[in-house]
Amino acid sequence: MFATMTQLIRVDEVELPKVVQRPLSTITPQREPSDPVRIDRKPVTPLNVELPPMPPVSKIDPGVSGFPVPVIQPGNWTLLRETIRFAPPAPQAMGERLAQAIRPPVASYPRSMASKGLEGTCDVHFSLSTRGLPYDVTANCSHAGFEKEAVRAVSRAEFLPEIRQGVPVESHNYVYPMEFRLQ
């Protein structure tokens, strides 16, 4: 078997074509440098602006040697000073909320049902995750042709999740009624 395999696998000599040298100038044509473009700008006229007053000079106590110690004169403050406390905010109770639709379901009318001229209603049952996304979606419709579209529409909808004691929770047994009417 080894002898047969070596007979089947043959390596023929391969001749590579000669490499043609192409200088870079023939690949990308060179341009002669042009004179730089000069932009003449108008001189800016200075504005007459009143400078703010100089800051007060600190006084040096002559009894202290080494670095000068600034003495700052108290100003005439008319504002009341309050003590600022840096502490984390206290926990606040958050109200409870039922699930609400952010992006409600949008269903398109099934072509097969429209061509037959059928109308119908559906009750779509589903549960919501803590992120407000529907799952376990099932539909009970008056005609079976509407069920697939009703499930697809509710599956793509987004809701604000239910909140209990300030925490989003999974919620179950929601029913979204849908009507399919020809206009």
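Here the structure is a predicted model, which means the values were calculated and not measured. (Residues numbered from 1 in each chain as written. Predicted model: local features only at pLDDT ≥ 70, side-chain atom pairs only at ≥ 80, totals over all residues. Heavy atoms only, no water.)

S.K.: Quick question: what am I supposed to make of helix H4 (residues 147–155) here?
M.R.: One turn of an α-helix holds 3.6 residues; hence residues three or four places apart share an orientation. Within H4 the residues assigned to the buried category are Glu149, Ala150, Ala153 and Val154. Looking straight down H4, one finds its buried side chains confined to an arc of 125°; they lie on one side. Of the surrounding elements, those touching the buried residues of H4 are strand S4 (120–128), strand S5 (134–141) and strand S9 (171–180). (Buried < 20%, exposed > 50% of the residue type's maximum accessible area, 1.4 Å probe, protein only. Helix = DSSP H or I, 4+ residues; strand = E, 2+ residues; numbered from the N terminus. Arc of directions from axis to C-beta. Contact = heavy atoms within 4.5 Å.)

S.K.: In this structure, what is going on with the packing of aromatic side chains? I would like to understand it.
M.R.: Each aromatic ring pair is specified by the distance between its two centres and by the angle formed by the two planes. The final tally for this structure, using the stated rule, is 5 aromatic pairs. Ring centres 5.8 Å apart and planes at 20° place the aromatic pair phenylalanine 126 and tyrosine 174 in the stacked group. Here the residue phenylalanine 126 occupies a position in strand S4, and tyrosine 174 occupies one in strand S9, the gap between them amounting to 48 residues. Ring centres of phenylalanine 146 and phenylalanine 180 lie 4.6 Å apart, and the angle between their planes is 15°; this geometry places the pair in the stacked category. Of this pair, phenylalanine 146 sits in the loop between S5 and H4 while phenylalanine 180 sits in strand S9, and the two are 34 residues apart along the sequence. For the pair formed by phenylalanine 146 and phenylalanine 180, the shared burial category is buried. (Phe/Tyr/Trp six-rings, centres within 6.5 Å; stacked < 30°, edge-to-face > 60°.)

S.K.: Please explain the side chain of glutamate 149 as it appears in this structure.
M.R.: For glutamate 149, the position within the fold is in helix H4. Only 2.9 Å separates the side chain of glutamate 149 from the backbone nitrogen of serine 108, close enough to count as a polar contact. Sequence-distant contacts of glutamate 149, that is, excluding residues within four places in its chain, are made with Val106, Ala107, Ser108, Pro110 and Phe180. (Polar contact = N/O pair within 3.5 Å; in protein donor to acceptor, adjacent residues only side chain to side chain.)

S.K.: Please clarify how the side chain of serine 127 should be interpreted in this entry.
M.R.: Secondary-structure assignment places serine 127 in strand S4. Here serine 127 falls in the buried class, since its relative accessible area comes to 8%. Separated by 3.1 Å, the side chains of serine 127 and histidine 172 make a polar contact. Not counting the four nearest positions on each side in its chain, serine 127 is found in contact with Leu133, Pro134, Tyr135, Asp136, Ser171, His172 and Asn173.

S.K.: Would you take a moment to explain the sheet that holds S9 for this structure?
M.R.: Strand pairing in a sheet takes place through backbone hydrogen bonds and is either antiparallel or parallel in direction. Taken in spatial order, the 3 strands make up an open sheet running S5-S4-S9, and their pairing is antiparallel. Edge positions in the sheet fall to S5 and S9, since each has one partner strand and no second. Between one strand axis and the next, the sheet turns through 20° on average, direction left out of account. (Pairing = 2+ DSSP bridges. Axes fitted to C-alpha atoms, helices over the stretch in contact; angles between N-to-C directions.)

S.K.: In this structure, what is going on with unusual backbone geometry? I would like to understand it.
M.R.: When glycine is set aside, most residues are seen to have a negative phi, and most peptide bonds are trans. With a phi angle near 50°, aspartate 136 is a residue other than glycine that sits in the positive phi range. The topology assignment puts aspartate 136 in strand S5.

S.K.: I tried to follow the nonpolar core on my own but got confused; where do I start?
M.R.: One broad rule of soluble globular proteins: the nonpolar side chains tend to lie buried together. Core analysis: the largest hydrophobic core is formed by 16 residues, its most contacted members being Cys122, Val124, Ala150 and Met178. Elements with a minimum of two residues in this core: S4, S5, H4 and S9. Contact partners of cysteine 122, with chain neighbours within four places excluded, come to Asn140, Cys141, Phe146, Ala150, Tyr176, Pro177, Met178 and Phe180. (Core = buried A, V, L, I, M, F, W, Y, C linked by side-chain atoms within 4.5 Å.)

S.K.: I'm lost on the state of the cysteines in this one. Help?
M.R.: What is meant by a disulfide is a covalent connection between two cysteines, made through their sulfur atoms. Tallied over the full model, the rule gives 1 disulfide. Put simply, cysteine 122 and cysteine 141 are joined by a disulfide, and their sulfur atoms are 2.0 Å apart. Between cysteine 122 and cysteine 141, the S-S torsion sits near 115°, and that sign places the bridge as right-handed. Note that cysteine 122 is positioned in strand S4 and cysteine 141 in strand S5, a separation of 19 residues in sequence. (Disulfide = S-S within 2.5 Å.)

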